[in-house]
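# Architecture and fold: a report
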Amino acid sequence: MKTLRLSTSEIDIARAGDIIRSGGLVAFPTETVYGLGANALDEEAVRSVYEAKGRPSDNPMIVHIADIADLDGLVEGGAFRMPPYAKILAKQMWPGPLTMVLRKNPSVPGVTTGGLDTVAIRMPMNETARKLIAEAGVPVAAPSANTSGRPSPTTAYDVLEDMDGRIDAVIMGDQCDVGIESTVIDMTGDEPIILRPGIVTKEWIEKVLRTEVSYDNSLLINIEDESEDMSGTYTDFKPRSPGMKYKHYAPKAKVRLIAGDNETFAEKVMELGVEAMREGLKPAILEYGNDANKAAHKLFADLRELDRQGYDIIFIRAIDTKGAGFGVMNRMLKSAGYDIVK
Ligand code: TXA
Ligand code: MG
């Protein structure tokens, strides 16, 4: 299959919309990462997304909408009968990098939701994404546009690296602003639960809802050290759900996280770097200070770039888990397969 390169012009977006409406796959920019879009109501199209990504079919997709009215065919009872907290978040946070899990309308095919009776929905902010969804005229199922297990793509070139020849088209937009995927929050219970942390933080959601929000247990870090400074404690991390799959966001190079203060970091990275070189490996270092937004923006792009440059081992400096750092650290941990050096 020849993968079309489309621009962000009105004509090209209309063409991309036609492709999605008629069952094809189009990768497109969002403010978080590039998505691989298909008609969410077309079982065949959704199946071909799983195939292009090499993704296990029990992993459900996020359905993207351009307008609140689009919720009516997707969630149980329509927009009007959503849980009150979901209504508030839709009003305050959409369009934006927040995905809500809601009870699904029977018209959403099971293949889109991995057989669940819930559906994850997001209204992206990126202008090209919103125009595309509107042009398609259908809700757009879109996982991140990477081969399953690889870092999510934040540029059109990163999409092509994984998907060229496997999908109908790519809209060649700009690099994504946020750089990590949307916050996913389960709104189906009494209390909202964050399933995937992102740039929309727990504290931010709590402020908007004026209620407590919790993290899913699998996201929690066991901190034995009681001190405020959380650096150096990541070695004690154990994911709480045993069934959790570890390899995610992984470049070809081996990734190791290094926690600790400046001095510890410098010592460790030197020691491990020298050791790697003695073994004939080419080591690289990624460090973002404690700027969580910058780290989010660059992490996946950097991992892919280091792969292209042929590095064998990447040492990433662990980031403070305050605010958006929690979501960034979640991606760092996964890309390292939870390999953390004290
Ligand atoms: O930022 C994003 O969310 C990007 C862009 C393209 O919008 N999309 C994205 O999709 O990251 P994906 O498929 O890579 O990640 C979707 C996440 C997965 O962790 C999936 O398990 C979860 O959302 N998810 C989807 N539907 C769900 C549901 N009904 N219940 C619980 N989790 C769900
Ligand atoms: Mg993904």
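Heads up: the structure comes first, above all this text.
Numbers given for residues are sequential positions, taken from 1 along each chain in its written order. Here every chain gets a letter starting at A, and every ligand a number starting at 1, in the order they are written. For this predicted model, a pLDDT threshold of at least 70 governs which residues receive local features, and a threshold of 80 or more governs which side-chain atom pairs are given and counted, while totals over whole chains, interfaces and linings are taken from all residues. To get the side-chain values, take all heavy atoms of the structure and skip hydrogens and water.

### Structural notes on the overall build of the protein chain
Under the convention used in this document: Secondary structure is summarised from DSSP: a helix means a run of H or I of at least four residues, a strand means a run of E of at least two, and numbering begins at the N terminus for each. We call a residue buried when its accessible area falls under 20% of the maximum for its residue type, exposed when it is over 50%, and partly exposed in between, using a 1.4 Å probe and counting protein chains only. Residues are treated as being in contact if the distance between any of their heavy atoms lies within 4.5 Å. In these tables, accessible area is a Shrake-Rupley quantity obtained with a 1.4 Å probe, and a residue counts as shielded only by the protein chains included in the view. Under the convention used here, Asp and Glu are negative, Lys and Arg are positive, and both His and the chain ends fall outside the count. Working definition for charges: the position is that of NZ of Lys, CZ of Arg, CG of Asp or CD of Glu.
Along the backbone of the protein chain there are 9 helices and 15 strands. The dimensions of the protein chain, computed from C-alpha atoms along their principal axes, are 55 × 50 × 30 Å. Per-residue burial over the protein chain gives 55% buried out of 342 residues. Residue pairs in contact within the protein chain that sit at least 24 positions apart in sequence constitute 68% of those at least 6 positions apart. Total accessible area on the protein chain is roughly 15,100 Å²; 49% of this is exposed by carbon and sulfur atoms. Positive and negative side-chain charges of the protein chain, numbering 40 and 51 respectively, have mean locations separated by a distance of 2 Å.

### Observations regarding unusual backbone geometry
With an omega of -5 degrees, the peptide bond running from Trp94 to Pro95 counts as cis. Examined against the element boundaries, Pro95 turns out to sit in the loop between helix 3 (84-93) and strand 5 (98-103). Notably, Tyr338 is not glycine yet its phi reads approximately 65 degrees, a positive angle. With respect to the element layout, Tyr338 can be found in the loop between helix 9 (325-335) and strand 15 (340-341).

### Topic: the site of ligand 1
Rule in force here: Being near a molecule or strand, for a residue, comes down to having at least one heavy atom within 4 Å of it. What qualifies as a polar contact is a pair of N or O atoms within 3.5 Å, subject to a donor-acceptor requirement within protein and to the restriction that residues adjacent in sequence count only when both atoms come from side chains. Polarity classes work like this: nonpolar for Ala, Val, Leu, Ile, Met, Phe, Trp, Tyr, Cys and Pro, charged for Asp, Glu, Lys and Arg, and polar for all others, with Gly in that last group.
Of all residues adjacent to ligand 1, which total 23 residues, the nearest are Thr32, Arg55, Asn59, His64 and Ser182. The separation between an oxygen atom of ligand 1 and a polar side-chain atom of Arg122 is 3.1 Å. For ligand 1, the protein covers 87% of the area, taking 680 Å² as the surface of the free molecule. Sorting the residues of the shell around ligand 1 by element identifies strand 4 (62-64), strand 6 (118-122) and strand 10 (193-196) as the ones contributing at least two each. With 4 residues, the top contributor of residues to the shell around ligand 1 is strand 6. Residue composition of the shell around ligand 1, grouped by class: 12 nonpolar, 7 polar and 4 charged.

### A word on the nonpolar core
Stated formally: For the purposes of this section, nonpolar cores are sets of buried Ala, Val, Leu, Ile, Met, Phe, Trp, Tyr and Cys residues that join through side-chain atoms within 4.5 Å. Either an automatic procedure or a domain database provided the assignment from which the domain bounds are taken.
Counting residues in hydrophobic clusters, the biggest one holds 81 residues, and the most contacted among them are Met100 and Ile205. Inspection of this core shows a minimum of three residues originating in each of domain 1 (4-171) and domain 2 (254-341). With near-sequence residues (within four places) excluded, Ile205 lies in contact with Leu89, Met93, Leu98, Thr183, Ile185, Ile194, Val200 and Val213. Core analysis: the second largest hydrophobic core is formed by 17 residues, Ala16, Ala129, Ala142 and Ala169 among them.

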